Amino acid sequence: MENVIYPKMVMEALATVTYAGTKKNVVESGMVADTPAVSAPQKDGDAWKVKVVLEFPRDTDPFLKSTVKAAEAAIKYHCGKEVEVEIETEFKSKPRPEVGEMLPGVKNIIAVSSGKGGVGKSTVSANLAIALARLGYKVGLLDTDIFGPSMPKMFNVEDERPYAVKKDGRDLICPIEKYGVKLLSIGFFVSPTTATLWRGGMATSALKQLIADADWGELDYFILDTPPGTSDIHLTLLQTLPITGAVIVSTPQQVALADARKGIDMYRNDKVNVPILGLIENMAWFTPAELPENRYYIFGKEGCKQLAEEMQVPLLAQIPLVQSICENGDKGEPAALTSETATGIAFLNLAQSVVTVVNRRNKEKPATKIVGMNK
């Protein structure tokens, strides 16, 4: 009767193979990644097949070839020389890139910021990213608001769950792609109906993982939708990424403009030195659907325009307030998807303005340096 081969027999054979890197056998060294796969012959004349996956510390391991050959020889010796042996090699995940080496394929990192909440910053971030993608650029969008993520709803991908991919020896999160934008948010990993009760350290750790442990690939623009105000999240971003520039979102309302000044001051701080690319006046006026030519300045008139002149920065866009922008945002159909509405046109014009000011900034100013950490 022909010998029967089973996984335990293969493991016993592998236990005779010494890995020079640890001076122990490959089983004791934890190098057998999974239970060996054994396939019986399907017809007369076929051989038994054995497949083993061995995990090495790195792909440049000097003992890799000799260990693989020894493992193959040991299996044939213990299980029969006619056995067909297949040995695959895997490598332990490489460490996370150091600060300054993250996102090597990203050309421009844009922080969308606001001094206070409720001014439509996330709406602007989503529509800016989509408008840039519509102009033909490769775009990524990171929802950095760990405690109040909104991007999954705005893109109508609340039920999506990112999966991990093995790339360059590392396990990376694969961003969700929709409307031509690569998207990640902590909202994909937590319940939308449960408050995120994390200390600051946990939040910043999660944020770093979304930046460094994700497969962002080649991007022309990486948009950061930041939380309102100034917080640990902002400091983490400044200490992790060389931000090309910031755009400040505000309504024309005086209280919002006062907070916008604080946001501008944060980026202009001597220790930060992130260029302000410009201001965006959101909810600049209200236009009813039945009277598209009418404008009602319910939050004040041209407050951001005046602040832009005062701070000597460009006014990138004035986005009108219309009922559809809220309704479409809630349905996951951002206004920038169409060129047939006033808001859709406004966001496309905003994207073109951002491209212009970024190109000018890159020609006239040196690359932004990452903010150092106080020790």
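What you see is a predicted model; the values in this text were computed from it and never measured.

## Here's the deal with the sheet that holds strand 7 (residues 139-143)
Here is step 1 of the chain: The strand order 10-11-7-12-6-13-14-15 describes an open sheet built from eight strands, whose pairing is mixed. Since the sheet does not close on itself, it has two edges, and those belong to strand 10 (176-178) and strand 15 (315-321), each with one partner. Averaged over neighbouring strand pairs, the angle between their axes works out to 25 degrees when direction is ignored.
Here is step 2 of the chain: Pairing of strand 6 (residues 106-113) with strand 12 (residues 219-225) involves six bridges; the strand directions are parallel. Paired with Ile110 across the bridge in strand 12 is Ile223.
Here is step 3 of the chain: Each of strand 6, strand 7, strand 11 (181-185), strand 12, strand 13 (245-250) and strand 14 (276-286) is contacted by helix 3 (residues 121-134), which is oriented at about 170 degrees to strand 12, the strand it contacts most.
Here is step 4 of the chain: Packing against the sheet, helix 7 (residues 254-268) makes contact with strand 6, strand 13 and strand 14, and its axis sits at approximately 170 degrees to strand 13.

## Structural notes on helix 2 (residues 64-79)
Because the α-helix completes a turn every 3.6 residues, residues three or four places apart line up on one side.
Here is step 1 of the chain: In this model helix 2 runs 22 Å from its N-terminal to its C-terminal C-alpha over 16 residues, within 8% of the 22 Å that 1.5 Å per residue would give.
Here is step 2 of the chain: Those residues of helix 2 that sit buried are Leu64, Thr67, Val68, Ala71, Ala74, Ile75 and Cys79. Down the axis, helix 2 shows its buried residues gathered within 130 degrees of arc, on one side only. Opposite its buried face, helix 2 presents the exposed residues Lys65, Lys69 and Tyr77, each directed more than 90 degrees away.
Here is step 3 of the chain: The inward-facing, buried residues of helix 2 abut helix 1 (7-14), strand 1 (18-19), strand 4 (49-56) and strand 5 (84-91).
Here is step 4 of the chain: Once helix 2 ends, the next one or two residues include Gly80, with phi positive near 120 degrees.

## Here we look at the pattern of salt bridges
Here is step 1 of the chain: Counting across every chain of the model gives ten salt bridges.
Here is step 2 of the chain: Linking Lys51 and Glu88 is a salt bridge whose minimum nitrogen-to-oxygen distance equals 3.2 Å. Placement of Lys51 in strand 4 and of Glu88 in strand 5 is noted, with a sequence separation of 37 residues between them.
Here is step 3 of the chain: On the basis of relative accessibility, which here comes to 32%, the residue Glu88 falls in the partly exposed class.

Calculation criteria
- Residues numbered from 1 in each chain as written.
- Predicted model: local features only at pLDDT ≥ 70, side-chain atom pairs only at ≥ 80, totals over all residues.
- Heavy atoms only, no water.
- Pairing = 2+ DSSP bridges.
- Helix = DSSP H or I, 4+ residues; strand = E, 2+ residues; numbered from the N terminus.
- Axes fitted to C-alpha atoms, helices over the stretch in contact; angles between N-to-C directions.
- Contact = heavy atoms within 4.5 Å.
- Expected span 1.5 Å × (residues − 1).
- Buried < 20%, exposed > 50% of the residue type's maximum accessible area, 1.4 Å probe, protein only.
- Arc of directions from axis to C-beta.
- Salt bridge = Lys/Arg side-chain N within 4 Å of Asp/Glu carboxyl O.

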